[in-house]
Amino acid sequence: MRLLCASGLALGMHAAVAQTSDANNVARVEITGSSIKRIAKEGSLPVQTLTRADIEQSGANNVADLVAQLPSMQGFITSSTSINGGGAGVQTASIHAIGTQYTLVLLNGRRMAPYGTGSAVNLASIPLSAVERVEILTDGASTLYGSDAIAGVVNFILKKNVRDLTIEGTFDIPQKAGGKSGNISITKGFGDLETDGYNVLLAYSHDEQKELNASQRDFAKTGARRFTENGKQYATWQTSINSTPANVEVQTAKDDVVLNTDLLTKGSCTQPNTFPRNGACRFDFPATVQLLPELKRDSLFASGKLRLGKETTVFSELVLSKFASTARYAPAAQPLTVFTTDPDTHVKTVNQNYIGAYNSTIVPLLASQKINPADVTDVLWNYRGADAGGRTDEYRTDAAHFVLGVDSSYAGWDMGATYTHSQNKQTDQALAGYMSGNKFEELVRTGAYNPFVSNSGAAAVLAPAVLHQQLDVTKSKIDVIGAHASREVFDLPGGAASLGVGADFTKQTYQDTPSQIAMGPGPGNPGWTDVEIGGGTGAQALDASRTNWGAFGELLMPVAKNLEATAAVRYDSYAAVDKKNVSYDTAGKASPSGKVGEDVAKATYKLSVRYTPTQQLLLRSSYGTGFKAPTMNNIADPLKNAGSSNPFPCPITAPTDPRSKYCRPGSSEYALLDVGNPATGAGALKAEESKQATLGFRLEPNTMLSFGLDMWDVKLKNQIRTYSQDQLYTMPVLANQYIAVYADPIQKSNVLVAIRKPLNLATSHFRGLDWDTTFRSATPIGKASVNWTGTYMLKAEQDVPDPSTGQSLGVEKGIGRFNSYDDVVFRVISKVVFSLKSSDKMTNSLTVNYRSGYHDKPLTEDDAAVRVVKDDGSIGAPSAMVRDVKSYTTVDYQIKADYIKNLTLTAGIKNLLDQDPPLSVRNSGGGNQVGYDGRYTDPLGRTFYVNASYKF
């Protein structure tokens, strides 16, 4: 669908009417959330609009930053998430905290290729300089767009019918070091569609952001940040036993001792970012990471329209984008095994590559600890690859989006058809920090590198083992053919009723190809060729495709002059997934290629009403259903390594349980494996279903004041989720089912692992209020206005049942707290913009951004994430901690001047008051950063920017 116009957020009910060249004819346009062309006005569904002026006033440099500023957005993926290898350079949108996977992102009303197999789009692929406006439908839209639009739709509408040559540049400079950014764009149009019968538009943009390091901000430069809570001194304790030189855990039948050669032979920890604690040298990993990655983007947008007669227009669009996110996080943290004794047979499994360094370095020190080498049963060393550098990934996305279509009118019908091809290729390139296990072991075996001691010139010695190769390549592609038509069909007391119909067919393909060093023959399968130290060895390839089709109808009925009702229905059918490759389970058993999962079909409907009892008041309401089909990843994903868990006490508590042999002392990190759910029959994944409703009004008593309020409610059932880490590792009923023993190819020993498998697991309920208020007034110094928008969350709950009993494990209430999935739903997010237009040449604006506070992650003593600071200033014992994160308010200022013809200059200050992010003691969620939560706050501090735009 081409979405050519929509009602404005702040302009109230009296939206401007689009006119044709004939002043007596009112042009019909299409509104986001409807298939029927109509006169543009405030509709029955809540649509928020960001105009080009709003975009410029925001000071945002890219699409992701722009979307993140909207109060209705919560729960999206930020660029900072990539700084622990989890975000993969992706930036997303999420309406009302319902989730990225439930927010449909469109480009000119059409789907784009997702970064996975669902519909979630990497916003980094959309060039902000080419965007004319953004329309956000904050209500479900499955009856028009099909699957995934449960939370709503974000529609980026690109520039059209432009003829000027425009050159624009922006430069941002934080007051403190790090994080500079800038962009430049050029746009040129040719021809006027109305007078010349054609228009061609070309736009190019280049964007860059420099990295920001933790060492450049006091609030995040250490994992042992000191703070005061209730008058007492504490310190965060996000440090690691994995260190350089390695801390060696020596086990005997009677004891378990940790040794470090620096402490035993030199009396101190000599390597950077290390310090002594309980016989070990601990590594301060947060001191070594980025807070923001380096970003680069090049984008090209081209569009063309050609009129073929009075009623027909042919159009085409092309978007090409290259985006790179270079993210560095802590050096590889890797437990490794010298030898381990099987608890049943008492037979030792020895890694011959490591035994020499152990015998020459550690065995001579055992006597000082009163340990007889013959009594040692197991030796595990906790190694940090600091000598190989911080792990650095270049996540690159190459995207192409092409559309060819036609719009026409015939016999009273407004008709259109389009073909869309959209694809992206994402690569993960290792730049530093990751090592080949084979080459590393060879260096240790030959004595060239000794991991148990501080090595002089170690970086050069390890250089041959450091990987400089692609770790993973994914390709995602969609091909869509769609057609739609609308017309007036019969008369009603309020005017002519209009009918809209349409259908679409989609083929989606997805390929995930890990490198051989990351993949190997398969988890649990013998014959590993090599392993990746510091990464995700245990990945497997996926090559899958699926087709789906849908058809819809919509009827707009003016029941009376001031009452309008709309009914819509849609039917969608998704075929089973065609999996083209073999994969393996933990035991090495092959899962063949072929059809997996089952066909999914779903019908949805929506009813909406718009009532205007007076010209000053609009009332609106809607009720409908939605759905989300299981993604190909949900169904066909092979078993793959998902890294390490948060720290937990061992989930296996019964000493007679054979899995208990692999428990670690205290709170420890355990392994995670993810796998799809290819079952058929009773165990097959079903479509997620939703019911949603809105009720709202807009009041404009005069031209000075406009106020709108919408209450929305979304209920989901059959929600596809995995159990959270908290649930898997702390609930015995889940631990019994999902905690397994896994032969880790890197450690070369068995470890405990939690297997996360998607299930139709949860029911969720979200409810809230969206508001926007605009006040305008003439003053002696100019035209003033105040716009206040915000979201107040009333409910965000999830109920997860126990699969063995069907009984609820408890309703988790998520508002204003750090939940079991390591996320926060804010009670209030709001934005106030004060604007003063002192003349046609100058505008000043002040923006106040607010997020309410929340309950921080509750910590127990076993978490060991917070410690007491003793009276002498030293760090003492672990402490439980229940605290609140403070609210977060920032102020931005901007001045815009148009004193020179065709030249617009804009300057501003973001975070004018230089507000630091509030303290958070969380030990999970959102990267390696510690002391604050980079997903919800801005670490740059006070930032100055200038923008210049010149039209020729």
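To start, this report covers the structure provided alongside it. Keep in mind it's a predicted model, so treat the numbers as computed, not measured.

### Considering the state of the cysteines
Reasoning step 1: Inspection of every chain in the model, using the stated rule, returns two disulfides.
Reasoning step 2: Disulfide pairing places Cys269 opposite Cys281 at an S-S distance of 2.1 Å. Given an S-S torsion of about -100 degrees, the disulfide between Cys269 and Cys281 has left-handed geometry. Of this pair, Cys269 sits in the loop between α4 (261-266) and β14 (274-277) while Cys281 sits in strand β15 (residues 280-283), and the two are twelve residues apart along the sequence.
Reasoning step 3: Under the relative-accessibility criterion, Cys269 is labelled buried at 14%.
Reasoning step 4: By sequence order of its bonded cysteines, the chain has the disulfide arrangement 1-2, 3-4.

### Examining empty space enclosed by the protein
Reasoning step 1: Inspection of every chain in the model, using the stated rule, returns ten cavities of 30 Å³ or more.
Reasoning step 2: Quantified by volume, the second largest cavity comes out at close to 540 Å³.
Reasoning step 3: Together, 36 residues line the second largest cavity, and Arg111, Tyr145, Val480, Asp504 and Thr506 are the ones closest to its centre.
Reasoning step 4: For the lining of the second largest cavity, the secondary-structure elements that each account for two or more residues are β3 (110-111), α3 (142-145), β23 (413-432), β25 (470-492), β26 (495-514), β28 (542-560) and β29 (563-574).
Reasoning step 5: Considering each element in turn, the lining of the second largest cavity owes the most residues, six residues, to β25.
Reasoning step 6: Of the residues contributing to the lining of the second largest cavity, the split by class is 15 nonpolar, 14 polar and seven charged.

### Here's the deal with the sheet that holds strand β5 (residues 152-158)
Reasoning step 1: Pairing in this open sheet of five strands is mixed, and the strands run β1-β4-β5-β2-β3 from one edge to the other. Sheet topology places β1 (47-50) and β3 at the edges, where each strand pairs with a single neighbour.
Reasoning step 2: Bridge count for strand β2 (residues 103-107) against β5 is five bridges, and the pairing is parallel. Of the residues in β5, the one forming a bridge with Leu104 is Val153.

### A closer look at helix α5 (residues 352-361)
Reasoning step 1: Along α5, the residues that are buried comprise Tyr354, Ile355, Ala357, Tyr358 and Thr361.
Reasoning step 2: Next to the buried residues of α5 lie α4, β19 (333-341), β20 (348-350), α6 (363-366), β21 (376-384) and α7 (437-445).
Reasoning step 3: Its side-chain oxygen at 2.9 Å from the backbone nitrogen of Asn353, Asn351 defines the N-terminal cap of α5.

### Quick look at the packing of aromatic side chains
Reasoning step 1: Counted by the stated rule, this structure contains 22 aromatic pairs.
Reasoning step 2: Judged by centre distance (5.0 Å) and plane angle (10 degrees), the rings of Phe648 and Tyr729 are stacked. On the criterion of sequence distance, the pair formed by Phe648 in the loop between β36 (640-644) and β37 (671-674) and Tyr729 in helix α11 (residues 725-730) is long-range, its members being 81 residues apart.
Reasoning step 3: Note on Phe648: relative accessible area 6%, which makes it buried.
Reasoning step 4: For Tyr729, a relative accessible area of 4% translates into the label buried.
Reasoning step 5: The interplanar angle of 25 degrees and the centroid separation of 5.9 Å between the aromatic rings of Tyr670 and Tyr729 together place this pair among those described as stacked.

### Concerning the sheet that holds β36
Reasoning step 1: Read from one edge of the open sheet, four strands run β36-β37-β41-β40, paired in mixed fashion. In this open sheet, the two edge strands, each paired with only one partner strand, are β36 and β40 (739-744). For this sheet, the mean angle separating the axes of adjacent strands, direction not counted, is 45 degrees.
Reasoning step 2: Bridge count between β40 and strand β41 (residues 749-756): six bridges; the pairing is antiparallel. Within the sheet, the bridge partner assigned to Asp744 lies in β41 and is Ser749.

### Considering the nonpolar core
Reasoning step 1: Among the nonpolar cores identified, the biggest contains 44 residues, and Met73, Leu123, Ile126, Val134, Val154 and Phe156 are the most heavily contacted of them.
Reasoning step 2: Among the secondary structure elements, those contributing two or more residues to this core are α2 (63-68), β2, β4 (131-137), β5, β8 (198-209), β39 (705-721) and β43 (782-801).
Reasoning step 3: In terms of residue count, the dominant contributor to this core is α2 (four residues).
Reasoning step 4: For Phe156, the contacting residues outside a window of four places in its chain are Val63, Val67, Val105, Leu106, Leu107, Asn108, Leu123, Ile126, Val131, Arg133 and Val134.
Reasoning step 5: Ranked by size, the runner-up nonpolar core spans 34 residues in total, among them Val248, Val250, Phe440 and Ile746.

### Topic: unusual backbone geometry
Reasoning step 1: Omega for the peptide link from Thr244 to Pro245 comes to -5 degrees, which places this bond in the cis form.
Reasoning step 2: Inspection of the secondary structure puts Pro245 in the loop between β11 (232-236) and β12 (247-252).
Reasoning step 3: Notably, Asn278 is not glycine yet its phi reads approximately 55 degrees, a positive angle.
Reasoning step 4: Relative to the elements of secondary structure, Asn278 occurs in the loop between β14 and β15.
Reasoning step 5: One non-glycine residue, Ala864, adopts positive backbone phi at about 55 degrees.
Reasoning step 6: By secondary structure assignment, the location of Ala864 is in the loop between β47 (854-855) and β48 (866-869).

### A short note on the side chain of Asn260
Reasoning step 1: Counting through the fold element by element, Asn260 comes out in the loop between β13 (256-259) and α4.
Reasoning step 2: Here Asn247 takes part through its side chain, which lies 2.9 Å from a polar atom of the side chain of Asn260.
Reasoning step 3: Apart from residues no more than four positions distant in its own chain, Asn260 is found in contact with Pro245, Ala246, Asn247, Gly279, Ala280 and Cys281.

### Describing the environment of Lys757
Reasoning step 1: Structurally, Lys757 is set in the loop between β41 and β42 (759-779).
Reasoning step 2: Judged by its relative accessible area of 33%, Lys757 falls in the partly exposed class.
Reasoning step 3: Lys757 sits 692 residues away from Asp65 along the chain, and the two C-alpha atoms are 32 Å apart.
Reasoning step 4: Once you skip the residues sitting within four places of it in the chain, Lys757 turns out to touch Val675, Gly676, Asn677, Arg721 and Thr722.

### Quick word on α7
Reasoning step 1: Of all the positions in α7, only Gly437, Phe440, Glu441, Leu443 and Val444 are classed as buried. Buried residues of α7 fall within an arc of 160 degrees about the axis and therefore sit on the same side.
Reasoning step 2: Residues of α7 that are buried in the fold lie against β19, α5, β21, β24 (435-436), α8 (458-462) and β27 (532-533).
Reasoning step 3: Taken from the residues just after α7, Gly447 is the one with a positive phi, measuring 85 degrees.

### Focus on the environment of Ala399
Reasoning step 1: Tracing the backbone shows Ala399 in strand β22 (residues 391-410).
Reasoning step 2: Look at Ala399 and you get buried, because its relative accessible area is 15%.
Reasoning step 3: Considering only alpha carbons, one finds Ala399 and Lys477, 78 residues apart in sequence, at a separation of 9.7 Å.
Reasoning step 4: In contact with Ala399, not counting residues within four places along its chain, are Ser125, Val319, Leu320, Ser321, Gln423 and Asn424.

### Thoughts on a nonpolar patch on the surface
Reasoning step 1: Together, Ile167, Ile184, Ile186, Tyr204, Leu300, Leu320, Tyr950 and Phe952 line one region of the surface with nonpolar side chains, adding up to about 670 Å² of accessible area.
Reasoning step 2: Looking at where Ile186 falls in the secondary structure, it is placed in strand β7 (residues 181-190).

### Structural notes on the pairing of strand β49 (residues 875-878)
Reasoning step 1: Taken together, the two bridges between β48 and β49 define a ladder with antiparallel strand orientation. Of the residues in β49, the one forming a bridge with Arg867 is Pro878.
Reasoning step 2: If you look at the hairpin formed by β48 and β49, you'll find five residues sitting between the two strands, and Gly873 has a positive phi there, around 90 degrees.

Conventions used here
- Residues numbered from 1 in each chain as written.
- Predicted model: local features only at pLDDT ≥ 70, side-chain atom pairs only at ≥ 80, totals over all residues.
- Heavy atoms only, no water.
- Disulfide = S-S within 2.5 Å.
- Helix = DSSP H or I, 4+ residues; strand = E, 2+ residues; numbered from the N terminus.
- Buried < 20%, exposed > 50% of the residue type's maximum accessible area, 1.4 Å probe, protein only.
- 1 Å grid on protein atoms, 1.4 Å probe; cavity = no way out; pocket = protein on both sides within 12 Å on 5 of 7 lines; lining within 4 Å.
- Points joined across faces, edges and corners; volume = space filled by probe spheres on them.
- Nonpolar A, V, L, I, M, F, W, Y, C, P; charged D, E, K, R; others polar.
- Pairing = 2+ DSSP bridges.
- Contact = heavy atoms within 4.5 Å.
- Polar contact = N/O pair within 3.5 Å; in protein donor to acceptor, adjacent residues only side chain to side chain.
- Phe/Tyr/Trp six-rings, centres within 6.5 Å; stacked < 30°, edge-to-face > 60°.
- Axes fitted to C-alpha atoms, helices over the stretch in contact; angles between N-to-C directions.
- Core = buried A, V, L, I, M, F, W, Y, C linked by side-chain atoms within 4.5 Å.
- Arc of directions from axis to C-beta.
- Patch = residues over 30% accessible without salt bridge, like charges linked within 9 Å, V, L, I, M, F, W, Y side chains within 5 Å.
- Areas by Shrake-Rupley, 256 points an atom, 1.4 Å probe, with all protein chains shown as cover.
- Salt bridge = Lys/Arg side-chain N within 4 Å of Asp/Glu carboxyl O.

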